[in-house]
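Here are the chains, one letter per residue:
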Amino acid sequence: MSLSKESKDFLGNLRIYLISSGKNEQEVDEIVGELEDHLVETEKRGKSVSEVTGLTPRQYMNQISAEMPIDYKSIFEYIVMVLVSAFSFIVLGDALSGDLSYSVFELIGYPLVMIGFLFCTSVVFKYVSSHPVSKAREWTLFSILGGVPILLFMGLLFLGQNVEAPTVVMEGIGRIFALILAFAAIIAVSLWSKTWIMIILAILVNGPQLLIQQSSFPEETKLILTGLSLPVFVGGYFLLLIVKEKKKEKHAGPVT
């Protein structure tokens, strides 16, 4: 017997809520797995999720979360991974373009923006997974979540270019070292997370840009093509992942 859509959505939201609350992923998977087995049996007797838990989804999520310790080690690892990944992408792109100079605003601001982004991501995911949210409101929240860091990064770049401040510049051997270090960091994060996504994104983000810059197109055309390449290639890759995941769900066998 397969689970109802209500139960599947509840289990998915519970998992997102607990992980966003800083709980250990392995423990979360165990709890969700046990609850899934229980729901399969109770649904055979015609009971709903609320009848099984005796609480609203939000109350149940809060109760389970309160009973689980916070996994500070995993939180620290994720923060380090995100910071290393973000800096690696920034340094890699700048090293390939030959512009490795960073103002004190950028050196201090980038980590603060990324840590703030992680905190806001946790808050948004917890809210969306525990509240009845329309698709329009959900997309609005995620758009704001993704748009604000971009605006803040642009603000930091503007400050670095228009306000005098100490600046770190890497040239020659320093640039080569930064390039190697960025590549190594991206590979290390990929090995740690056991996924190729970082390496693939690094290629999709920087590969087309390098090819365009080496072409004989006029500078205006290069700027237009560079601006279009990022959403086309990266967006296309994520669209492919979504389609692949949908097909996997469609062909998944029934839960027994």
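What you are looking at is a predicted structure, and each value in this text was computed from that prediction instead of being measured. (Residues numbered from 1 in each chain as written. Predicted model: local features only at pLDDT ≥ 70, side-chain atom pairs only at ≥ 80, totals over all residues. Heavy atoms only, no water.)

Caption draft 1: Up close: the packing of aromatic side chains. Taken as a whole and judged by the stated rule, the model has five aromatic pairs. Ring geometry for Y78 against W192: centres 5.9 Å apart, planes inclined by 85 degrees, an arrangement best described as edge-to-face. In this pair, Y78 is assigned in helix α5 (residues 72–97) and W192 in helix α8 (residues 173–193), connecting sequence segments 114 residues apart. A centroid spacing of 5.3 Å and a plane angle of 50 degrees characterise the contact between F125 and F142, whose relative ring orientation is tilted. With F125 in helix α6 (residues 104–130) and F142 in helix α7 (residues 135–162), the pair connects residues that are 17 residues apart, well separated along the chain. A relative accessible area of 30% means that F125 is categorised as partly exposed. (Phe/Tyr/Trp six-rings, centres within 6.5 Å; stacked < 30°, edge-to-face > 60°. Helix = DSSP H or I, 4+ residues; strand = E, 2+ residues; numbered from the N terminus. Buried < 20%, exposed > 50% of the residue type's maximum accessible area, 1.4 Å probe, protein only.)

Caption draft 2: Representation of the nonpolar core in the model. Core analysis: the biggest nonpolar cluster contains 16 residues, and F10, L11, L14, L18, L35, L39 and Y60 have the highest contact counts within it. Mapped onto this core, the elements with two or more residues apiece are α1 (5–20), α2 (25–44) and α4 (57–67). The contacts of F10, once residues within four sequence positions are left out, are L35, V49, T53, P57, Y60 and M61. Core analysis: the second largest hydrophobic core is formed by 12 residues, L92, A95, A182 and V189 among them. (Core = buried A, V, L, I, M, F, W, Y, C linked by side-chain atoms within 4.5 Å. Contact = heavy atoms within 4.5 Å.)

Caption draft 3: Spatial organisation of the packing of α5 against α8. The interhelical angle for the contact between α5 and α8, taken along N-to-C directions, is 140 degrees, at an axis separation of 8 Å. In the crossing of α5 with α8, the sense of the turn from one axis to the other is left-handed. Residues E77, Y78, M81, V84, S85, S88, V91, L92, A95 and L96 of α5 pack against R175, A178, L179, A182, F183, A185, I186, V189, W192 and S193 of α8. Its residues placed into classes, the contact of α5 with α8 shows 15 nonpolar, three polar and two charged. (Axes fitted to C-alpha atoms, helices over the stretch in contact; angles between N-to-C directions. Left-handed = near helix turned anticlockwise from the far one by under 90°. Nonpolar A, V, L, I, M, F, W, Y, C, P; charged D, E, K, R; others polar.)

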